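Now for the letters of each chain:
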Amino acid sequence: MLDYDDEATVYDRTRGGVPRARAAAGALNGLLPAGGVVLDLAVGTGIVAGELARLGHRVIGLDLSRGMLERAALRLPGRVLRADATALPIASGSVDAVTAVWLLHLLDDPEPVVTEVARVLRPGGLLLTTVDKNAAMRVAAGAPPQARELPSDSCSRLTALGARYGLRLAAATSFLGHGQGQPGHDDPNYPVLGLRRDGPGGIGQ
C-alpha cells in the first residue's frame, strides 16, 4: 500500500492530471442528481471533486491522508474532513450521492464501505464507484485476463454486495484514463457503476 501522505506531492502529475480528472468528473456528472450533496470518499488531492464542484455539485470530501487533504482543501475550502470510509461521521439518510473513484480496488473487503454508504444515502440516493480498475488497465495493454478470485472492485461482486444492503444496479458509464496507458498501448477506459438506494417501499427509485 502506498504512503499517500508522501504520494500527495506527485499524485496529480503521475495520475493523468486535469485531463483525467475532467474525464472522470464528466462521467460522474452525467449520472449525479443536480443540486444535491455529494460525499466523495477518498477525495485525495481533490482534483476530481474540484471538477465536480466546478460543475455545480455541493461536494464534501473525505480522506484518511493528511497530505492529500491539505491539497484537497485548496480545491474544496471548508468542505473536507479526515475520516475513515468504514465509519463515516455523517448522519444516516443525509446525502444525495456518494462517489468513490479509485478506492475499492485498494481494499481487501469492500463490504464495510458499502454498508456505510447504504446507511448515509437518502432513499433514492446514488453510489457511483469505479469498478474493475486493474482489469481495464490489462485490457488496454492487450494482456490476458488474470486467473484469480474476483477483485474487491469487480462489477459482479459489488452488484451482489450492494443488493444485500438495498443498493440496486441503476446506471453505468465509463471514462478515459488519460495518461495511464502503457507505452505503445491505448489509455484504459475505466468503468463506473451506479447503485441506487432503495426507497421507503424497498424498491429502488
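Residues numbered from 1 in each chain as written. Predicted model: local features only at pLDDT ≥ 70, side-chain atom pairs only at ≥ 80, totals over all residues. Heavy atoms only, no water.

Here we take up the packing of aromatic side chains. On inspection of all chains with the given rule, the structure shows 3 aromatic pairs. Ring centres of W102 and F175 lie 5.6 Å apart, and the angle between their planes is 75°; on these two criteria the pair is classed as edge-to-face. A residue pair is termed long-range when its members are at least 10 positions apart, and W102 in the loop between strand 4 (95-100) and helix 6 (111-120) and F175 in strand 6 (residues 167-176) qualify at 73 residues. Across the pair, F175 and W102 agree in class, each one buried. Taken together, a centroid distance of 5.6 Å and an interplanar angle of 55° make the contact between F175 and Y190 tilted. Of this pair, F175 sits in strand 6 while Y190 sits in strand 7 (residues 189-197), and the two are 15 residues apart along the sequence. Take F175: its relative accessible area is 4%, and that puts it in the buried class. Joined through ring pairs, the aromatic side chains of W102, F175 and Y190 make up one cluster. A cation over a ring is seen here: R20 above W102, with NZ or CZ 3.7 Å from the ring centre. (Phe/Tyr/Trp six-rings, centres within 6.5 Å; stacked < 30°, edge-to-face > 60°. Helix = DSSP H or I, 4+ residues; strand = E, 2+ residues; numbered from the N terminus. Buried < 20%, exposed > 50% of the residue type's maximum accessible area, 1.4 Å probe, protein only. Lys NZ or Arg CZ within 6 Å of the ring centre and 35° of its normal.)

Here the focus is the packing of helix 3 (residues 17-29) against helix 4 (residues 47-54). Here helix 3 crosses helix 4 at 55°, and the two axes come no closer than 8 Å. Of the possible angle classes, the one that applies to helix 3 and helix 4 is oblique. As for how helix 3 packs across helix 4, the hand of that crossing is right-handed. Residues G17, V18, A21, R22, A24, A25, L28 and N29 of helix 3 form the contact with helix 4, whose participating residues are I47, V48, E51, L52 and R54. Tallied by class, the residues present in the contact of helix 3 with helix 4 amount to 8 nonpolar, 2 polar and 3 charged. (Axes fitted to C-alpha atoms, helices over the stretch in contact; angles between N-to-C directions. Parallel < 35°, antiparallel > 145°, perpendicular 65-115°, else oblique. Left-handed = near helix turned anticlockwise from the far one by under 90°. Contact = heavy atoms within 4.5 Å. Nonpolar A, V, L, I, M, F, W, Y, C, P; charged D, E, K, R; others polar.)

A sheet is described by the order of its strands in space; here 7 strands give the open sequence 3-2-1-4-5-7-6, paired in mixed fashion. The two strands at the open ends of the sheet, each matched to only one other strand, are strand 3 (80-82) and strand 6. With direction set aside, neighbouring strand axes in the sheet form an average angle of 20°. Alignment of strand 2 (residues 58-63) against strand 3, held across 3 bridges, turns out to be parallel. Looking across to strand 3, one finds that D63 is bridged to R82. Packing against the sheet, helix 3 makes contact with strand 4, strand 5 (121-130), strand 6 and strand 7, and its axis sits at approximately 150° to strand 6. (Pairing = 2+ DSSP bridges.)

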